[in-house]
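The lines below spell out each chain.
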Amino acid sequence: MAGEFGNPEVVQEDLDILLIGGGMACCGAGYEVMRWADAAKAELGMDLKIKLVDKAAMDRSGAVAQGLSAINTYIGTEQDPADYARMVSNDLMGITRDDLAYDLGRHVDDSVHLFEEWGLPIWKTDENGERHDGSQGLPALKDGGKPVRSGKWQIMINGESYKWIVAEAAKKALGMDRIQERVFIVKLVNDKNDPNRIAGAVGFSTRDHKVFVFKAKAILLAAGGCVNIFRPRSVGEGTGRAWYPVWNAGSTYAMAAEAGAELTMMENRFVPARFKDGYGPVGAWFLLFKAQAVNANGEVYMQKNKELLNDYPPYGQAAVPASCLRNHLMLKEMKEGRGPIYMDTVTALAKLRETLTPREVKHLEAEAWEDFLDMCVGQCGIWVGENIEPEKKNSELMPTEPYLLGSHSGCCGIWVSGPTDIGAPTDELHADKDKIPAHLPKGWSWGYRSMTTVKGLFTAGDGVGASGHKFSSGSHAEGRMCAKSMVKYCIDNKDLKPELDTPVEQLVEEIYKPVRTYLEFKDYTTAIDVNPNYITPKMLQFRLQKIMDEYVAGVATYYTTNDKMLKVAEEKLEMLKEDAEKMRAKDLHELLRAWENYHRILTAEAHMQHIQFRQESRYPGFYYRADKNFVDEENWHCFVNSVYDKNSKKWNCFKRAHVDLVDKSK
Ligand code: FAD
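Cut-offs applied
Residues numbered from 1 in each chain as written. Predicted model: local features only at pLDDT ≥ 70, side-chain atom pairs only at ≥ 80, totals over all residues. Heavy atoms only, no water. Helix = DSSP H or I, 4+ residues; strand = E, 2+ residues; numbered from the N terminus. Rg over C-alpha atoms; globule rule 2.2 N^0.38 Å. Buried < 20%, exposed > 50% of the residue type's maximum accessible area, 1.4 Å probe, protein only. Contact = heavy atoms within 4.5 Å. Areas by Shrake-Rupley, 256 points an atom, 1.4 Å probe, with all protein chains shown as cover. Pairing = 2+ DSSP bridges. Axes fitted to C-alpha atoms, helices over the stretch in contact; angles between N-to-C directions. Near = heavy atom within 4 Å. Polar contact = N/O pair within 3.5 Å; in protein donor to acceptor, adjacent residues only side chain to side chain. Nonpolar A, V, L, I, M, F, W, Y, C, P; charged D, E, K, R; others polar. Phe/Tyr/Trp six-rings, centres within 6.5 Å; stacked < 30°, edge-to-face > 60°. Lys NZ or Arg CZ within 6 Å of the ring centre and 35° of its normal. Parallel < 35°, antiparallel > 145°, perpendicular 65-115°, else oblique.

### Let's talk about the overall build of the protein chain
Stage number 1. Within the protein chain, the secondary structure is distributed over 18 helices and 24 strands.
Stage number 2. Relative to the compact-globule value of 26 Å for 666 residues, the protein chain shows a C-alpha radius of gyration of 24 Å, a close match.
Stage number 3. Overall, the protein chain is about 70 × 60 × 55 Å in size when its C-alpha atoms are taken along their principal axes.
Stage number 4. In the protein chain, buried positions account for 61% of the 666 residues.
Stage number 5. Of the contacts formed within the protein chain by residues at least 6 apart in sequence, a portion of 77% connects residues at least 24 apart.
Stage number 6. Counting only carbon and sulfur atoms, one obtains 51% of the accessible surface of the protein chain, whose full area is about 25,500 Å².

Put into structure tokens, the structure is as follows:
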């Protein structure tokens with residue numbers, strides 16, 4: 001039966017492996033999974049049924065949609081994975097999982113080599129030290145080709161079509177029959193016979209009136225991080241602009257939490273300092289063009305305020321201080337009235353001109369534009385619109401609204417099993433080990449790499465907590481690791497028959513509730529958006545953003561909150577959750593918006609609960625608890641983890657001990 005609005009067709013499918021998301025992580029998994037699935041078929045006669053679903057179109061979905069101008073994680077021959085784990089730890093104020101970072105460090109380059117093989121142009125330096133912005137004729141990275149490094153870990157690419165290239169490889173490996181685009185997954189479903197096991201997922205088509213009910217033994221949930229829970233700086237005519245891609249709405253964290261997975265470090269957030277209004281990237285300017293950020297008086301605040309870094313040893317004193325602390329120094333200037341803050345492009349380009357030929361300078365200026373054209377075309381619009389020629393006029397910088405993510409310079413996410421061959425400490429010391437729910441694993445490794453604490457549920461990329469700085473290449477590599485583990489899980493659980501713990505009719509009703517609400521009440525008033533019986537998804541989103549902005553350390557308060565403000569936020573979020581039940585959907589587009597909001601609310605709540613639980617300000621520059629405005633290494637050098645009870649709708653936060661597995665004194 002073909003579906004119609006309010007009466008969707010229900011499509012049910014039994015799978016072995018379901019991949020949710022079509023971003024870097026799922027493209028990695030999609031590429032890798034067939035190799036292991038084919039081997040399982042050849043050697044064991046197992047014909048694994050696999051499907052990938054993405055709410056959007058894979059060619060341009062996720063955070064890499066617009067393209068990128070650098071791959072931010074490439075270890076190369078100059079560093080080793082332990083260096084990488086040290087960098088990740090320092091940048092995230094000491095609380096990351098060394099096992100995950102080290103493991104990623106030893107695998108990530110392989111994904112970069114594949115990207116190059118698939119046609120991604122990577123800038124190279126030839127034997128004379130000359131730079132080539134493409135791969136023409138120079139040896140491939142895996143054959144000793146030397147990448148142009150914009151920083152210690154980053155390499156430059158011509159990456160406008162990066163996502164196309166990576167998606168194409170996944171599509172070719174999987175085959176289009178195993179891919180379904182424009183399917184938004186709303187919730188995961190646990191197993192009827194084991195509440196701590198995954199059994200399936202449900203979602204709907206954003207184009208047709210169809211609901212999909214998937215049963216699967218293993219699910220990879222890699223639907224990115226979360227944007228738009230805080231009121232963005234761009235409002236009114238600028239609505240819709242943000243640094244983080246507006247289509248990742250916290251689905252990863254919310255759905256995992258509802259399925260009972262343990263989350264970690266949800267108090268962490270990322271507040272990137274970017275070019276104002278266009279949110280354009282700053283990496284190439286700082287690292288490649290050696291520009292400095294200055295206050296309105298032209299003073300380099302990283303120099304001027306460097307004493308402040310001593311308040312946060314050892315994270316402030318590293319060669320590259322933690323990202324949040326760099327914001328901390330900038331915010332001092334802004335708060336004390338010495339803004340605007342500028343990227344001093346004029347001085348940087350003038351200095352480069354001293355040593356370069358006019359032709360080289362022209363080339364460099366083209367590169368500066370290309371940096372934006374590759375990954376943030378909107379910033380070019382700002383430069384053109386505001387008559388900015390970077391060699392003549394500096395550009396404003398601004399710390400953005402907060403975002404939640406686990407693969408860039410942030411580390412919130414889900415607690416996952418690490419590799420089996422690296423030390424896996426159990427909880428000890430100051431961690432409240434008695435408060436950790438008994439059903440949760442004790443150590444850091446419980447068998448399958450990247451499996452969450454829910455059996456059969458895996459995550460990668462922005463989903464994996466306590467291990468940031470994976471970026472595009474690392475997320476891809478992590479997806480590939482998941483694919484391998486998931487096939488192994490399916491082989492080990494050959495006879496498992498997942499059974500959904502909720503009847504299909506109930507799941508369909510739940511998904512279509514906003515549509516039902518609309519159809520029931522739409523004639524009550526003559527103005528479609530004004531109705532006492534429902535709230536539009538747009539209005540609900542505004543309410544969420546206002547609460548988070550004003551009480552949970554958004555831009556309105558210079559990222560500052562306190563225990564009292566958090567208490568108010570807690571109450572308001574509780575009420576918002578109640579009202580979310582009354583969201584309406586007048587079409588499929590609004591149904592998508594309604595469910596995105598629902599995911600956002602749960603993600604926001606997790607963030608708020610974790611900030612409330614952690615009695616310190618671990619990330620100055622990203623957020624401050626004014627009532628606990630210090631880093632307390634003695635009591636809070638630990639993970640804050642949580643589990644959510646979908647029945648009582650309550651969060652349980654607890655500590656887990658942090659242990660260094662890599663020597664941090666180096
Ligand atoms: P994504 O790639 O974002 O993919 C998420 C996927 O989930 C998307 O396909 C989305 O459509 C889908 N999805 C979301 N919700 C649902 C749902 N409910 N149901 C179904 N599908 C869903 N890395 C670099 O290496 N270099 C850089 O220069 C760089 N710059 C960056 C700039 C920005 C602004 C951002 C945000 C990131 C940048 N990164 C960079 C990091 C890189 O983009 C991420 O690390 C990587 O994309 C994370 O991969 P992922 O698969 O976890 O998420």
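Following the structure, the description resumes.
### Here's the deal with the sheet that holds strand β24 (residues 650-657)
Stage number 1. Spatially, β19-β14-β23-β24 is the arrangement adopted by the four strands of the open sheet, whose pairing is antiparallel. The open sheet is flanked by β19 (413-414) and β24, the only strands paired with a single partner.
Stage number 2. The sheet contacts of helix α17 (residues 588-613) involve β14 (263-264), β23 (638-645) and β24, and relative to β24 the element is tilted by about 50 degrees.

### Structural notes on the site of the ligand
Stage number 1. Neighbouring the ligand are 35 residues; D54, A70, N248, S407 and S472 lie closest to it.
Stage number 2. The backbone of N72 places a nitrogen or oxygen atom 2.9 Å from an oxygen atom of the ligand.
Stage number 3. One nitrogen or oxygen atom from the side chain of S251 is found 3.0 Å from a nitrogen atom belonging to the ligand.
Stage number 4. For the ligand, the protein covers 96% of the area, taking 1,000 Å² as the surface of the free molecule.
Stage number 5. Taken together, the elements giving at least two residues each to the shell around the ligand come down to α1 (24-44), β4 (68-71), β10 (183-191) and α12 (471-492).
Stage number 6. Taken together, the residues of the shell around the ligand break down into 18 nonpolar, 14 polar and three charged.

### Observations concerning the pairing of strand β3 (residues 50-54)
Stage number 1. Of all five residues in β3, five are buried, a share of seventy percent or more.
Stage number 2. By the alternation rule, side chains of β3 split into I50, L52 and D54 and K51 and V53, which are all buried.
Stage number 3. Looking at chain direction, strand β2 (residues 17-20) and β3 are connected through four bridges and run parallel. Counted as the bridge partner of I20 is V53 from β3.
Stage number 4. Sheet topology places β3 next to strand β9 (residues 179-181); three bridges connect them, and they run parallel. Following the sheet pairing, D54 is matched in β9 by E181.

### Describing the packing of aromatic side chains
Stage number 1. According to the stated counting rule, one finds 27 aromatic pairs in the structure shown.
Stage number 2. Here F275 and F372 contribute two aromatic rings whose centre-to-centre distance is 5.3 Å and whose plane-to-plane angle is 80 degrees, an arrangement assigned as edge-to-face. Taken as a pair, F275 in strand β15 (residues 273-275) and F372 in helix α10 (residues 358-375) lie far apart in primary sequence, 97 residues in all. In this structure, F275 and F372 share a single accessibility class: buried.
Stage number 3. Ring geometry for W595 and Y598: centres 5.4 Å apart, planes at 75 degrees, overall edge-to-face. Linking W595 with Y598, this pair stays in helix α17, spanning three residues, or about one helical turn. For the pair W595 and Y598, a shared accessibility class is recorded, and that class is buried.
Stage number 4. Ring pairs connect the aromatic residues F275, W285, F289, W369, F372 and W383, which therefore count as one cluster.
Stage number 5. Over the ring of W415 we find R97; its NZ or CZ atom is 4.5 Å from the centre of that ring.
Stage number 6. Here the guanidinium or amino end of K655 rests over the ring plane of W636, the centre of that ring lying 4.2 Å away.

### Digging into the packing of helix α15 (residues 537-551) against helix α16 (residues 563-580)
Stage number 1. Orientation of α15 relative to α16, taken along the N-to-C sense of each, is 170 degrees, at an axis distance of 9 Å. One element, α15, and the other, α16, form an angle in the roughly antiparallel class. Across the interface between the two elements, L540, R543, L544, I547, M548, E550 and Y551 from α15 touch M565, L566, V568, A569, K572, L573, M575, L576, D579 and A580 from α16.
Stage number 2. A per-class count over the contact of α15 with α16 returns 13 nonpolar, no polar and four charged.

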